[in-house]
Amino acid sequence: MAFGWIDGQAESRRRAGLVRTLRPRAAGTPLLDLASNDYLGLTRHPEVVEGAARAARTWGGGSTGSRLVTGTTELHAELERELAGFCGFEAALVFSSGYAANLAAVTALAPHGSLVVSDAGNHASLIDGCRLARGTTQVAAHADPDAVRKALSGHDGPAVAVSDTVFSVDGDAAPLAGLAGACREHGAGLVLDDAHGLGVLGDGGRGAPHAAGLAGADDVVVTVTLSKSLGSQGGAVLGPSRVIDHLVNAARTFIFDTGLAPAAAGAALAALRLLRREPGRAARAGAVARALHATLTAAGLEAVRPDAAVVSVRAPSPEQAVRWAADCRAAGLSVGCFRPPSVPDGIPRLRLTARADLSGAEIERAVRVIGETRP
């Protein structure tokens, strides 16, 4: 029977407690949200919503084609200029998603004969980029510049190291200065995914590379998402102009994909301008994350100290993690639930995301629910 093997895989997932299901949410919900990536609380901000609506009224519901045909509007170019300027890079290129941006950056910068050194804790989009790249990939130990240095020392030819700046599972930060140093010793490029750093880290939320002094460097390329701190959708690659020009001509997820919808571009641009005007939102998101961690650990829960806005709480098993998250939801709290294969170390977690607009009372309420429902 066609696709008969699917039934066996479904049964294996069920036995392992790894079944995933879609849960459509209503426009309005009484749940306290610690599951989304809306770090700055901007998704429903009136200025961001109006930015999306104004763009849709001006440009229509879609971009109408790929970026190289009809899918590039003046709005896309404006967003790219302001995003590059805010983060400290020469140029930027906007994609339909952060996933597409990561695939573009890795595949277009790892030709035949090159080496890609990828952190063991990298996001799936970077991993898939490595799989699709024509170079050879070597996985390096997590957050270990010496492991990157060792891998690069054994290769003669073009090379690039690839890493998240803030890892999405535990919220720990990569040692960016050390990674840059290892790459520069061997003339290698450095590609950094700042999805969880933009809007939270750096001066006024300019990102982890900016905070590490790497913004604008000619050997550093950064990818970002517009769907987290900027409350919209889409992604971008930032870097030297010659790298961005290369992506326009070589990145398949740019050349063959429909351009980002104008509404998403308009929302992201409005959020970026709001963040520039209100830089304290970035510091507030970090403060909320630290408060969550301190309150969780004081309650006897095993939580990982956050370097940005992600806080994870260890769970005993995949099945108990799912039940724990469901019990939290029943008590009015929405939290993330990470299980294998989403976690590289196999340890299931509840994943909490700090938001700049959370109050002290909401933090206490969240921790109380998590403590009362623990397995």
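Residues numbered from 1 in each chain as written. Predicted model: local features only at pLDDT ≥ 70, side-chain atom pairs only at ≥ 80, totals over all residues. Heavy atoms only, no water.

J.: When you look at the pattern of salt bridges in this model, what are you seeing that I'm missing?
T.: Tallied over the entire structure, the rule returns 17 salt bridges. Glu78 is the salt-bridge partner of Arg273, the closest N and O atoms lying 2.6 Å from each other. Highlighted residues: Arg273 in helix H11 (residues 262-277) and Glu78 in helix H3 (residues 74-87), separated in sequence by 195 residues. A relative accessible area of 32% places Arg273 in the partly exposed class. Put simply, Arg276 and Glu82 hold a salt bridge, and the shortest N to O gap is 3.7 Å. Here Arg276 is found in helix H11, whereas its partner Glu82 is found in helix H3, with 194 residues between them in sequence. Judged by its relative accessible area of 37%, Arg276 is partly exposed. The network of salt bridges with common partners includes Glu78, Glu82, Arg273 and Arg276. (Salt bridge = Lys/Arg side-chain N within 4 Å of Asp/Glu carboxyl O. Helix = DSSP H or I, 4+ residues; strand = E, 2+ residues; numbered from the N terminus. Buried < 20%, exposed > 50% of the residue type's maximum accessible area, 1.4 Å probe, protein only.)

J.: Before we go on, may I ask you to explain the packing of helix H12 (residues 280-298) against helix H14 (residues 360-373) in this structure?
T.: Relative placement of two packed helices is described by the angle separating their axes and the distance separating the axes. Running from N to C, H12 and H14 point in directions that differ by 35°, and their axes come no closer than 10 Å. Between H12 and H14 lies a crossing of right-handed hand. Contact residues: Arg284, Val288, Ala291, Leu292, Thr295 and Leu296 in H12; Gly360, Ile363, Val367 and Ile370 in H14. Here the residues of the contact of H12 with H14 are counted per class, giving 7 nonpolar, 2 polar and 1 charged. (Axes fitted to C-alpha atoms, helices over the stretch in contact; angles between N-to-C directions. Left-handed = near helix turned anticlockwise from the far one by under 90°. Contact = heavy atoms within 4.5 Å. Nonpolar A, V, L, I, M, F, W, Y, C, P; charged D, E, K, R; others polar.)

J.: Is there a simple way to think about the domain arrangement of the chain in this case?
T.: How big an interface is tends to be expressed through the accessible area that disappears when the partners come together. What the domain assignment lists for the chain is domain 1 (25-42 + 279-373) and domain 2 (46-277). Distance from the C-alpha centre of domain 1 to the C-alpha centre of domain 2: 26 Å. Listed per partner, the contact involves 22 residues of domain 1 and 25 residues of domain 2. For the pair domain 1 and domain 2, the two sides together bury roughly 1,900 Å², of which 62% comes from carbon and sulfur. Of all residues in domain 1, the largest losses of buried area upon contact with domain 2 belong to Leu42, Pro279 and Asp307, amounting jointly to 30% of the total for that side. In this assembly, domain 1 and domain 2 are joined by 2 salt bridges. Between Arg349 and Asp170 there is a salt bridge, with its nearest N and O atoms 2.7 Å apart. At the junction of domain 1 with domain 2, the criterion picks out 6 residue pairs in polar contact (both at pLDDT 80 or more). Mapped onto the side of domain 1 that touches domain 2, the elements with two or more residues apiece are H12, strand S9 (310-314) and strand S11 (349-353). Top element by residues in the side of domain 1 that touches domain 2 is S9. It accounts for 3 residues. (Domains from an automatic or database assignment. Buried area = accessible area lost by both parts, 1.4 Å probe. Polar contact = N/O pair within 3.5 Å; in protein donor to acceptor, adjacent residues only side chain to side chain.)

J.: Hey, could you run me through the sheet that holds S9 in this one?
T.: Hydrogen bonding along the main chain pairs the strands of a sheet, whether they run parallel or antiparallel. Strand order in the open sheet made by the 4 strands is S1-S10-S11-S9, with mixed pairing throughout. Here the strands that pair on one side only, and so sit at the sheet edges, are strand S1 (32-34) and S9. Each strand of the sheet is rotated relative to its neighbour by a mean of 35°, with strand direction disregarded. Direction of pairing for S1 relative to strand S10 (residues 333-338): parallel, over a ladder of 3 bridges. In the sheet register, Leu34 faces S10, and the bridge partner there is Val335. Against the sheet, H12 makes contact with S1, S9 and S11, and its axis sits at roughly 20° relative to S9, the strand it touches most. In the packing of helix H13 (residues 318-330) onto the sheet, the strands contacted are S9, S10 and S11, and the crossing angle to S10 comes to about 165°. (Pairing = 2+ DSSP bridges.)

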